[in-house]
Structure formats: C-alpha cells, structure tokens
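# Observations on the three-dimensional arrangement
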Amino acid sequence: MQSLFILLCLGVMTAPVFAAPYISSPYYCLMDGESGQVIISQNGDKARPAASTVKMMTAILAVEYAGMEEEATVSSNAARTPEYGIGLKTEQKIAVGELLKVALIRSSNDAAVVLAEHIAGDEGFFAHLMSKKAFVIGAFNSRFSNASGLPGGEQNSTSCDLAQIGRYAQSHPQIKELVATRESEFRHPSYGQPLRICNTNSLLGSYKGANGIKTGTANAAGKCLVASAVRDGRHLIAVVLKSSDRAGDCMRLLDYGFKNSYRQKIIDAATPFKELQVLNGEITPAKIYPARNLYLWVGEDSPNIEKRVKMNYELQAPLSRGQKVGSLEVYAEGRLVESMPLLCGDNVARRSNLLKRIIKDFILP
C-alpha cells in the first residue's frame, strides 16, 4: 500500500538564538540564494501587486528567446507606455541588449513593452509566457498581465515567488551583470551621445556585497525591492513588498541572514529514519535510511520544516541493501527544499517455507 506520511518538525535548537529584525513590510521573504530555501518570511505566499519587480521575468524571457544584438522596432503602442519611460518613439530601432539594460537599471516601462512585442509579437501573449515560465521555475503563485509591472489586469506575485524569480534571473550572466551595475550608458536612438543612467536600487554601493536585483513602485503595490547580496561566498536574497523603508528592511533581513542564521542538520544519513516489518523476510524489521544528510539554515523565526514520506509500508522480501523503498521530501515554509530516496539498510533474504525447513532439518546432516 502506497502511503504518504507527513511529519512537522520544529527542530531542536543547538546554537544561540537571535531575535528576528523589525521589518516595516507586512510581506517579506529572506531566501538562501544557493539552495532556494526560505530562511524567514511573513505572508511570503500572499499574492500582491509587485510593480516593476516583474521586469525580472521580462528580462528572463528576453535573454532566453532573443539575441542581444537583435534590433527591435518601437511600436506606437510601446511609445505610448505611461511613465516611467525613456522616451522611445514609434518606428525607432534599438538593440535588445540596450532595451534590457535600460529596463533593468532605469526601470523603463516603454523598453519593457518593446522587448515583449519583439519576442512574442503581442504584450498580452508575452505576459502569458511570463506566467508559464514563472510556474516552471517554481514561482507558483505569480500571474502576469504585462511586461512592465504597470497596474492593470490580474497581475500579482508574492515575496517568496519574487525571491525565486530573482534567484533564477541571476543565473543568467547578462542579467546578473546588469542588476549589479550602479551606472551605465544607454544608446538612445533620439540622441547622438549616450545617456547616463543610474540604477534605482540604492543598496548598490551602500550595502556590503549588494549585487542586485530590482525595485518597484506603484500606488497599489507600494515600494518594493528584491535585493541580493554576497558575503564570504554566501548568497542571500531579500524581498519586501509595500514597505515604508524598502532599503532599510532589506538591509535588516540580509544582516539577519548573514549574521544570525546558522546551518542545522535536519536529516542524518547515518541514523535510521524508520524500521519496517518485511513480509516473508529472514530479517525483520529492516532499517530504512535517508540517502544523504540535509542541512537547513535556521534562526529564531525559522521556517516551518515539513517532512513528507512516500513509500510502500508493506515491504516484501527479498530486499537488497541500498535498494530504494520510498522517497523523502523536505519543505521549508511550504516550499520544496530537497527530495531524496529512502534506502533499505539491510540485505533481507526471503524466508523459506515451513516444509522446506523441516526437510532441511531432518534430511541434511
């Protein structure tokens, strides 16, 4: 019988506990950039307008479906895009790489629309692709209706989704470089000389290790920030939505992650996870082990850690040591962190039947 067993594990704290920081945002998330594990969050899966932070997804599709040297043509629709824009005019031609630069660094709405129309032919269809791609990369609660983040339609994301989108976006070298750039030059087709553009992310240059990612501001969304930083080889992503102090909130979240969180062993591969009876087995019960160790980042307000076991609890002999008999999934704040096999720790031969044992006992010397 295939069964699913769910265990909620709060963990045993074996290191000093530190107070979680004050965050003015009611919707925030701190994520480990390497593993994607949520370290701390509040309303992390609550759908919210996300303003221009959605341009991260626009950038992802741009680098995956277009060449940076391709020329895009500005449509009349793109030229009419509301502020903030960079002032692109109908029929102007501009390289995709330049559009990507000004969309990410200066958060230009018209540049985002030109990218969308160039790639998909229609901004509405491009938004559909954004939603599909978000689901594929693990941002399951995000829906997009345009490429810029301007209000309109059913366009929402969550702080944890945006952290995952930002994490994926930085896996692309072009995006990673642009979101870490404080200042650059933009070759505007209306001007003979390049324009100097400055990044809207104030953490760049003011917070040690800051390397991205995207700001967003709108009436309904409030002030939003997806911030990334690297220190001593560790990568963290902090997201705040509808914040009264987005830079300060992200700094406090990042400080908490770097200074006050620690790795704790959640799964020990050397410790039996279960002991199960084996039907017709010479050895019973058999010890079941997880395939590997698992460490998670924890702190005072650590995520809820959930273990889900899928296996057949009616094991039949014979079994071999190392044979997969099930699987273990570990979730932090409802998000999958790790999936691993559960393995039999013993060789379990099939027990001979009673008649065979009697014949063996009486006939064999």
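Conventions and cut-offs
Residues numbered from 1 in each chain as written. Predicted model: local features only at pLDDT ≥ 70, side-chain atom pairs only at ≥ 80, totals over all residues. Heavy atoms only, no water. Axes fitted to C-alpha atoms, helices over the stretch in contact; angles between N-to-C directions. Helix = DSSP H or I, 4+ residues; strand = E, 2+ residues; numbered from the N terminus. Parallel < 35°, antiparallel > 145°, perpendicular 65-115°, else oblique. Left-handed = near helix turned anticlockwise from the far one by under 90°. Contact = heavy atoms within 4.5 Å. 1 Å grid on protein atoms, 1.4 Å probe; cavity = no way out; pocket = protein on both sides within 12 Å on 5 of 7 lines; lining within 4 Å. Points joined across faces, edges and corners; volume = space filled by probe spheres on them. Nonpolar A, V, L, I, M, F, W, Y, C, P; charged D, E, K, R; others polar. Core = buried A, V, L, I, M, F, W, Y, C linked by side-chain atoms within 4.5 Å. Buried < 20%, exposed > 50% of the residue type's maximum accessible area, 1.4 Å probe, protein only. Salt bridge = Lys/Arg side-chain N within 4 Å of Asp/Glu carboxyl O.

## Some words on the packing of helix α3 (residues 96-105) against helix α4 (residues 109-120)
- Where α3 contacts α4, the two axes come as close as 8 Å, and the packing angle between them is 140 degrees. What the angle tells us is that α3 and α4 run oblique. Note on packing geometry: the crossing formed by α3 with α4 is left-handed. Here V96, L99, L100, V102 and A103 of α3 lie close against α4, whose contacting residues are A111, A112, V114, L115 and H118.

## A few points about the layout of surface pockets
- If you add up the space inside the largest pocket, you get close to 290 Å³.
- Around the largest pocket sit 15 residues that line it, and G138, F140, Q164, R335 and L336 are the ones nearest its centre.
- Looking at the lining of the largest pocket, the elements that each hand over two or more residues are α6 (159-169) and β19 (335-344).

## Focus on the packing of helix α1 (residues 55-65) against α3
- As a packed pair, α1 and α3 sit with axes 10 Å apart at the nearest point and diverge in direction by 165 degrees. Taken together, α1 and α3 sit at an angle that is classed as roughly antiparallel. The way α1 lies across α3 gives a crossing that is left-handed. Counting all contacts with α1, which are made through K55, A59, A62 and V63, the residues of α3 involved are L100, A103 and L104.
- Taken together, the residues of the contact of α1 with α3 sort by class into six nonpolar, no polar and one charged.

## Quick look at the nonpolar core
- Formed by 59 residues in total, the largest nonpolar core has its most connected members in M57, L99, F144, L162, I165 and I175.
- Beyond its immediate sequence surroundings of up to four residues, I175 is in contact with A59, I60, V63, L104 and A169.
- Counting residues in each nonpolar core, the second largest holds 23 residues, with L315, L328, A332 and V337 among its members.

## Description of the pattern of salt bridges
- This model, assessed by the stated rule, comprises 12 salt bridges.
- Between D161 and R335 there is a salt bridge, and its shortest N-O distance comes to 2.4 Å. Placement of D161 in helix α6 and of R335 in strand β19 is noted, with a sequence separation of 174 residues between them. In this structure, D161 and R335 share a single accessibility class: buried.
- Ionic pairing is found between R252 and D245, a salt bridge with its closest N-O pair at 3.3 Å.

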